[in-house]
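Coordinate inspection notes
Each chain is listed here by its residues.
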Amino acid sequence: MSTHSNHPFHLVDYSPWPLTGAIGAMTTVSGMVKWFHQYDISLFVLGNIITILTVYQWWRDVSREGTYQGLHTYAVTIGLRWGMILFILSEVLFFVSFFWAFFHSSLSPAIELGASWPPMGIISFNPFQIPLLNTAILLASGVTVTWAHHSLMENNHSQTTQGLFFTVLLGIYFTILQAYEYIEAPFTIADSIYGSTFFMATGFHGIHVLIGTTFLLVCLLRHLNNHFSKNHHFGFEAAAWYWHFVDVVWLFLYITIYWWGG
Amino acid sequence: MPIFDIRLMGNMPANTAGLWKRVTFLLALPAIVLCAANAFTGHKHVEREPFAKYEYLRRRTKRFPWGDGNRSLFHNAEVNALPEGYEDEVAEED
């Protein structure tokens, strides 16, 4: 690799990770087919192992390129920003499909359900108890991640650490409460279209909270290893954008599914 | 100046970390404490719904791909009935 580039772009080196990522994804989804039809989880587990090993090493390489090799110039980070925005846009549309299914069923409940929402026989959650607490937790975590971001831009290492730590802690707390709600739920995913749309929407949101919490935890570890500077910390910004997105999805979920639809 | 300049995303006024720290400790965390107190003290035990055999509830078109195939991932025997009824009630009838 030349250290005398006359351009600001990053010409990436050959990498095995796109290939192993494709192999991992194919193995995972084939494993899901095998799991659901043959009740054998082994191929699914193998696919997840391949995928996890790939994403760990791929992002490790990206961190090395950006932090140690100085390859993430200003022009490169613009591309990374567009990439992250487009990814979050695709996630937004992913959730639009679940909200669409929910509104399709809830705005005009079928006569077979008793033409009412929630359907006869479903006891929904009280939105002003644990769901309201979960709303406060996610909104608070939006504040703490913003605190961390501002601290980072002001070169305050310890405040950034505290802000990120609180954010990760709140994400874990949210997940614990949501798991408790799932265990206590009087309905299941198999209980009419109400249960299906509820668990699909809140389940995928819960998975995204786990992913976002992991992302922020990785940023916390990188921060403790002094990977970020006040001007060069896009990995952290991507995690913060993603976390704010997860937060906003929950607000829509809370208002439409827990409150209005409950 | 473009209407939307991606280079400016993420750039925010400096010297505002203190503001967000104060919002965290004076507004956000107290709100969590209040909501937690509300959630865990105001909780009333809800009697479970008597079993009613609606055809749209407890649907089993295929078995679940785990366990005995008849229970959802977060099955709670006390409040989630099986297609033929609550487990303890069915056990009493047997």
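From a predicted model like this one, the values you see are computed outputs, not experimental measurements.

Remarks on the packing of helix 5 (residues 157–184) of chain A against helix 7 (residues 234–260) of chain A
Residue and element names in this part refer to chain A. Between helix 5 and helix 7, whose axes approach to 13 Å, the crossing angle comes to 30°. By the criterion of interaxial angle, the relationship of helix 5 to helix 7 is roughly parallel. Remark: the crossing between helix 5 and helix 7 carries left-handed chirality. Residues Leu-164, Thr-167, Gly-171, Phe-174, Gln-178 and Glu-181 of helix 5 form the contact with helix 7, whose participating residues are Phe-236, Trp-243, Trp-250 and Tyr-258.

Here's the deal with unusual backbone geometry
With an omega of -5°, the peptide bond running from A:Trp117 to A:Pro118 counts as cis. Of note, A:Ala115 is a non-glycine position whose phi angle comes to about 55°, a positive value. In this fold, A:Ala115 is placed in the loop between helix 3 (74–106) and helix 4 (130–153). A positive phi is found at B:Arg58, a non-glycine position, where the angle reads about 55°.

Digging into helix 1 (residues 17–41) of chain B
Residue and element names in this part refer to chain B. For helix 1, built from 25 residues, the straight-helix expectation of 36 Å at 1.5 Å per residue is met to within 8% by its first-to-last C-alpha distance of 35 Å. At Thr-24, helix 1 shows its largest bend, some 40°. Those residues of helix 1 that sit buried are Ala-17, Thr-24, Ala-28, Leu-29, Ile-32, Cys-35, Ala-36 and Ala-39.

Points about the nonpolar core
In this structure, A:Leu133, A:Phe198, A:Phe236 and B:Ile32 are the most contacted members of the largest nonpolar core, which totals 61 residues. When residues of this core are traced back to their parent elements, those giving at least two are helix 3, helix 4, helix 5, helix 6 (192–224) and helix 7 of chain A together with helix 1 of chain B. The dominant element in this core, judged by the number of residues it contributes, is helix 7 of chain A, at 16 residues. When neighbours within four sequence positions are excluded, A:Phe236 is seen to be in contact with A:Val145, A:Ala148, A:His149, A:Leu152, A:Leu164, A:Cys219 and A:Phe228.

Observations concerning the UniProt feature "transmembrane region" in chain A
Residues and elements named next belong to chain A. The UniProt feature table records "transmembrane region" at residues 39–59, 83–103, 120–140, 163–183, 198–218 and 240–260. Each end of residues 120–140 is marked by a C-alpha atom, and these two atoms are 36 Å apart; helix forms 52% of the span and strand 0%. Between the C-alpha atoms that bound residues 163–183 there is a distance of 31 Å. The span itself is 100% helix and 0% strand.

A look at the packing of helix 4 of chain A against helix 7 of chain A
All names here are of chain A. One can describe the packing of helix 4 onto helix 7 by two numbers: an axis separation of 10 Å at closest approach and a directional angle of 160°. When the axis of helix 4 is compared with that of helix 7, the two are roughly antiparallel. In the crossing of helix 4 with helix 7, the sense of the turn from one axis to the other is left-handed. Looking at the contact of helix 4 with helix 7, its residues break down into 15 nonpolar, seven polar and two charged.

Describing the pattern of salt bridges
Proximity of charged atoms lets side chains of opposite charge pair with each other. For the structure on display, the rule yields seven salt bridges over all chains. In this structure, the salt-bridge partner of A:Arg60 is A:Asp61, at a minimum N-O distance of 3.1 Å. Accessibility expressed as a relative area gives 18% for A:Asp61, which makes it buried. Residue B:Arg71 pairs with B:Asp68 through a salt bridge whose shortest N-O separation is 2.2 Å. Since its relative accessible area comes to 25%, B:Arg71 is described here as partly exposed.

Cut-offs and rules
- Residues numbered from 1 in each chain as written.
- Chains lettered and ligands numbered in written order.
- Predicted model: local features only at pLDDT ≥ 70, side-chain atom pairs only at ≥ 80, totals over all residues.
- Heavy atoms only, no water.
- Axes fitted to C-alpha atoms, helices over the stretch in contact; angles between N-to-C directions.
- Helix = DSSP H or I, 4+ residues; strand = E, 2+ residues; numbered from the N terminus.
- Parallel < 35°, antiparallel > 145°, perpendicular 65-115°, else oblique.
- Left-handed = near helix turned anticlockwise from the far one by under 90°.
- Contact = heavy atoms within 4.5 Å.
- Expected span 1.5 Å × (residues − 1).
- Bend = angle between axes of the 7 residues up to and from the residue.
- Buried < 20%, exposed > 50% of the residue type's maximum accessible area, 1.4 Å probe, protein only.
- Core = buried A, V, L, I, M, F, W, Y, C linked by side-chain atoms within 4.5 Å.
- UniProt positions renumbered as here; feature names shortened; annotations may be inferred.
- Nonpolar A, V, L, I, M, F, W, Y, C, P; charged D, E, K, R; others polar.
- Salt bridge = Lys/Arg side-chain N within 4 Å of Asp/Glu carboxyl O.

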